[in-house]
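Now for the letters of each chain:
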Amino acid sequence: MSGVRTVLGDIRPEELGVCDAHDHLFISSPQLPGQELNDARAARAELEVFGAAGGTAVVQWTPYGMGRRAADLPALSRSTGVHVVCATGLHQAAHYAPELLKEVRGTLAEVFVSELTEGIGTSAVRAGLVKVAGGFHALDAHARWTMTAAAEAHHATGAPIAVHLEMGTGALDVLDLLCGELGVPPHRVILGHLNRSPDFTVQRQAAEAGCWLAFDGPSRAHHATDWRMPDAVRALAEAGFGHRLLLGGDTVVAGARSVDGGPGMPYLLRRLRPRLEAAVGKEAVARILTANPGRAFAVDWR
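Computed from a predicted model, the values in this text were never measured in an experiment.

Digging into the overall build of the chain
- Secondary structure assignment for the chain yields 11 helices and 12 strands.
- Expected size for 302 residues packed as a compact globule is a radius of gyration near 19 Å; at 17 Å, the chain falls within 12% of this value.
- The buried share of the chain, taken over its 302 residues, is 56%.
- A sequence separation of at least 24 residues applies to 77% of the contacts in the chain between residues at least 6 apart.

Side note on the packing of aromatic side chains
- Under the defined criterion, the tally for this structure stands at 0 aromatic pairs.
- Between the NZ or CZ atom of Arg-5 and the centre of the ring of Trp-301, over which it lies, the distance is 4.1 Å.
- One Lys or Arg, Arg-244, reaches over the ring of Trp-212 and ends 4.9 Å from the middle of that ring.

A short note on the nonpolar core
- Counting 75 residues, the largest nonpolar core has Phe-112, Val-163, Leu-191, Leu-213 and Phe-215 as the members making the most contacts within it.
- With near-sequence residues (within four places) excluded, Phe-112 lies in contact with Thr-88, Gly-89, Leu-90, Val-130, Thr-146, Ala-149, Ala-150 and Ala-153.
- Judged by nonpolar contacts, the second largest core, of 19 residues, contains Ile-11, Trp-61, Leu-129 and Trp-212.

Looking at the state of the cysteines
- Tallied over the entire structure, the rule returns 0 disulfides.
- Cysteine Cys-19 remains unbridged, with the sulfur of Cys-86 as its closest cysteine sulfur at 14 Å.
- Classification of Cys-86 by relative accessible area gives buried; the value is 0%.

Comments concerning the packing of helix H7 (residues 200-209) against helix H8 (residues 229-238)
- At a closest axis distance of 11 Å, the pairing of H7 and H8 adopts a crossing angle of 40°. As the angle between them shows, H7 and H8 are arranged oblique. Classified by chirality, the crossing of H8 by H7 is right-handed. Of the residues in H8, those in contact with Phe-200, Gln-203, Arg-204 and Ala-207 of H7 are Asp-231, Ala-232, Ala-235 and Leu-236.
- Taken together, the residues of the contact of H7 with H8 break down into 5 nonpolar, 1 polar and 2 charged.

Some details on the sheet that holds strand S5 (residues 83-85)
- The strand order S3-S4-S5 describes an open sheet built from 3 strands, whose pairing is parallel. Only two strands of the sheet have a single partner each, and these edge strands are strand S3 (19-23) and S5. Put simply, the sheet's adjacent strands are angled 15° from each other on average, direction ignored.
- Relative to strand S4 (residues 57-60), S3 runs parallel, the two sharing 3 bridges. Opposite Asp-20, over in S4, you have Val-58 as the bridge partner.

Observations regarding the pairing of strand S7 (residues 129-133)
- Counting buried positions over the 5 residues of S7 gives 5, a clear majority of the element.
- Judged from the 3 bridges that link them, strand S6 (residues 87-89) and S7 form a sheet pairing that is parallel. Along S7, the bridge assignment pairs Ala-87 with Leu-129.
- Inspection of the sheet shows S7 paired to strand S8 (residues 161-164) by 4 bridges, in the parallel sense. Within S8, the position partnered with Ala-133 by the bridge is His-164.

With respect to the packing of helix H4 (residues 108-117) against helix H5 (residues 141-157)
- Contact pair H4 / H5: the axes reach a minimum separation of 8 Å and the direction vectors enclose 40°. Regarding the angle of H4 to H5, the classification is oblique. Crossing of H4 against H5: the hand is right-handed. Of H5, the residues touching H4 (which contributes Leu-108, Ala-109, Phe-112, Val-113, Leu-116 and Thr-117) are Trp-145, Thr-146, Ala-149, Ala-150, Glu-152, Ala-153, Ala-156 and Thr-157.
- Per-class residue counts for the contact of H4 with H5 are 10 nonpolar, 3 polar and 1 charged.

About the thresholds
- Residues numbered from 1 in each chain as written.
- Predicted model: local features only at pLDDT ≥ 70, side-chain atom pairs only at ≥ 80, totals over all residues.
- Heavy atoms only, no water.
- Helix = DSSP H or I, 4+ residues; strand = E, 2+ residues; numbered from the N terminus.
- Rg over C-alpha atoms; globule rule 2.2 N^0.38 Å.
- Buried < 20%, exposed > 50% of the residue type's maximum accessible area, 1.4 Å probe, protein only.
- Contact = heavy atoms within 4.5 Å.
- Phe/Tyr/Trp six-rings, centres within 6.5 Å; stacked < 30°, edge-to-face > 60°.
- Lys NZ or Arg CZ within 6 Å of the ring centre and 35° of its normal.
- Core = buried A, V, L, I, M, F, W, Y, C linked by side-chain atoms within 4.5 Å.
- Disulfide = S-S within 2.5 Å.
- Axes fitted to C-alpha atoms, helices over the stretch in contact; angles between N-to-C directions.
- Parallel < 35°, antiparallel > 145°, perpendicular 65-115°, else oblique.
- Left-handed = near helix turned anticlockwise from the far one by under 90°.
- Nonpolar A, V, L, I, M, F, W, Y, C, P; charged D, E, K, R; others polar.
- Pairing = 2+ DSSP bridges.

Spatial relationships are all this shows, so hold off on functional conclusions.
Structural data, given as structure tokens:
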């Protein structure tokens, strides 16, 4: 039976409810010194505020080696009543010490499969997706390595693959590699950050390929998110691709959390939802927030 793999176990797709399809409760990186999300109390408070705004699920895209704190996620989910989906995967090389990358060289696919099927570390928390990343308008050797391992993990488990597109670029190159060369079905690929490069032609081509398009980043400053997103969503919906869209917040620094004075997770429902409803209607937005993520993250697990 198809199920979304949360940190508390598999649930039916329709149980996911109103979903922030890309966000972070915990994340750390050398690229974000002093801005890490590592406060469990703040994470709980953010989930509570998101729940109070009507949210019922959050998909954390924090991958291997970036402080995802998998062991803390079940308690946060139980105490707030918000479903949480955790990721395995690997980000761009710049986010890791060379020693860590050397440790997983040659075994990366096995790491992904183990975290999807057995558990992350000693936590017994299983990941529900694989997160990887491209580069700016290109796929370097690191991206090709991680995406190849992600494809192997998909073929072994059925897990979806979520892709960080650097500044929203390289979507078609990613699809050429994952779907063309590596045989991943397009409906198992989620392209993230398309809002950061508001190229309607590329967005439509990606939708025509059959993958998921994630508009995820209202907590990020200086990106064409809020002011171009309604146009992009409307154009894709009118072209018949509303069933391929996902929405998320991508909170990656402490100051972006709502409980620390930023927009955070609830902004997605508090501000973006009514703006999108004005563009495409309440019923369409409800599907994008509920039915779509239920289908995007549901897997016939192997």
